[in-house]
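Chain by chain, the residues:
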Amino acid sequence: MRTVLTHSTSTVSRQALLQAFDSLLQPQLFKDYGPNGLQVEGKPHITRIVSGVTASRALIDAAIAAGADAIFVHHGLFWRGQDGCVTGWMKERLARLLAHDINLFAYHLPLDAHAELGNNAQLGRVLGLVADARFGEQNLGCCGPASFDSGQALADHVAKALGRTVTLVHPEGDALRPIRRVAWCTGGAQGYFEPAIAAGADAFITGEISEPQAHLAREMGVSFIAAGHHATERYGAPAVAGQVAAQLGLAHAFIDIDNPA
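Residues numbered from 1 in each chain as written. Predicted model: local features only at pLDDT ≥ 70, side-chain atom pairs only at ≥ 80, totals over all residues. Heavy atoms only, no water.

So, on to the sheet that holds strand 6 (residues 103-106). Working definition: the strands of a sheet are paired by backbone hydrogen bonds and lie parallel or antiparallel to each other. Ordered in space as 2-6-5-4-13, the 5 strands form an open sheet in which the pairing is mixed. Both outer strands of the open sheet, strand 2 (37-40) and strand 13 (251-254), are each paired with one neighbouring strand and no more. With strand direction ignored, the average angle separating the axes of adjacent strands in the sheet is 30°. With 4 bridges connecting them, strand 4 (residues 48-54) and strand 13 associate as parallel partners. Its bridge partner being in strand 13, V50 is matched across the sheet by A253. (Pairing = 2+ DSSP bridges. Helix = DSSP H or I, 4+ residues; strand = E, 2+ residues; numbered from the N terminus. Axes fitted to C-alpha atoms, helices over the stretch in contact; angles between N-to-C directions.)

On to the pairing of strand 12 (residues 223-226). The two faces of a sheet get side chains in turn, since along a regular strand they alternate between them. Of the two faces of strand 12, the one lined by S223 and I225 and the one lined by F224 and A226 are each fully buried. Summarising the sheet, strand 9 (residues 167-169) and strand 12 pair through 3 bridges and their orientation is antiparallel. Counted as the bridge partner of V169 is F224 from strand 12. As judged from the 4 bridges shared by strand 11 (residues 203-206) and strand 12, these two strands associate in the parallel manner. Among the inter-strand pairings, I205 is bridged to a residue of strand 12, identified as I225. The parallel pair strand 11 and strand 12, bridged by helix 8 (residues 211-220), forms a crossover whose chirality is right-handed. (Buried < 20%, exposed > 50% of the residue type's maximum accessible area, 1.4 Å probe, protein only. Right-handed = clockwise from strand over helix to strand, strands pointing away.)

Within the largest apolar cluster, 22 residues are counted, with the highest numbers of intra-cluster contacts made by F135, L140, A183, Y192, F193 and F204. Of all the elements in the fold, those that place two or more residues in this core are helix 4 (109-113), helix 7 (193-198), helix 8 and strand 12. When near neighbours in sequence (up to four residues on either side) are disregarded, F193 contacts F204, Q213, L216, A217, V222, S223 and F224. Within the second largest apolar cluster, 21 residues are counted, among which are L17, I49, L117 and A239. (Core = buried A, V, L, I, M, F, W, Y, C linked by side-chain atoms within 4.5 Å. Contact = heavy atoms within 4.5 Å.)

Right, let's get into the packing of helix 2 (residues 57-65) against helix 3 (residues 88-99). It is at 10 Å that the axes of helix 2 and helix 3 come closest, and there the two elements cross at 15°. With respect to each other, helix 2 and helix 3 are oriented roughly parallel. The interaxial crossing formed by helix 2 with helix 3 has left-handed handedness. On the side of helix 2, the interface is formed by R57, I60, D61 and I64, while helix 3 contributes E92, R93, R96 and L97. (Parallel < 35°, antiparallel > 145°, perpendicular 65-115°, else oblique. Left-handed = near helix turned anticlockwise from the far one by under 90°.)

With a phi close to 60°, D101 is a non-glycine residue in the positive phi region. The phi torsion at Q138 lies on the positive side, around 60°, for a residue other than glycine. Tracing the backbone shows Q138 in the loop between strand 7 (133-135) and strand 8 (141-148). By relative accessible area, Q138 is classed as partly exposed at 27%.

Residues of helix 8 that are buried: Q213, A214, L216 and A217. The buried side chains of helix 8 occupy one side of the element, clustering within an arc of 165° when seen end-on. Residues of helix 8 that are exposed and point more than 90 degrees away from the buried face comprise E211 and E219. Close packing links the buried residues of helix 8 with strand 9, helix 7 and strand 12. Among the residues trailing helix 8, G221 stands out with phi positive, at a value near 75°. (Arc of directions from axis to C-beta.)

Taking strand neighbours across the sheet as the criterion, the 6 strands line up as 7-8-10-11-12-9 in an open arrangement whose pairing is mixed. The open sheet has two free edges, formed respectively by strand 7 and strand 9, since each of these has just one partner strand. Across the sheet, the mean angle from the axis of one strand to that of its neighbour is 25°, orientation sign disregarded. The sheet contacts of helix 6 (residues 151-162) involve strand 8, strand 9, strand 10 (179-184), strand 11 and strand 12, and relative to strand 12 the element is tilted by about 15°.

This is the structure we're talking about:
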């Protein structure tokens, strides 16, 4: 999936673009797993932005082909616990960014959390869900009313909206339990399942499922839907980058690098 490159009417400084992203996403409010903001410094003036989910080599190559001056992603290059060596895949990605003088901006939890443009808010928009409560660590999770006849009906709705198959684990012996409240948190938020249950959810939607969650779903009477880490996080980056680009008069395109996970 690729959005059309919007028309550019101006050029802004790297610092002005960073300030616009920081002002919108407020990264200082979050305890995160890596640095938020400018991760790789490129050219000092920016006209074109490409957004995507992950700073993969494929996305970087696509941004180069699109003539981008900056890339905006959810998953950047640097994470807590890395060994810090610039070898292998890291060297290849950095070499491309540096050779073409492209700025890399990455925002992780701040992009998940934004109340209107973030991954969770945008997934809710795509699924037709409106949050009336937040839950979990740093209030990242969303919860809101719904009306589905069963967990299967909700899973079918999610699969259709996201254009992919999903994994459903429903309560043991109660597969037809109606769904009146849905909790969701994008990406690898399977650890939020118990807080979602405590928040009163009849079903929980996230990107991934680990072994313990299947048992909890069966035992606790709450459906669990794993819809794909990438698939649930495709919407925040283009929403944020698109709004900032429009405000600053910059060209913007979202490039979705397919990922089955």
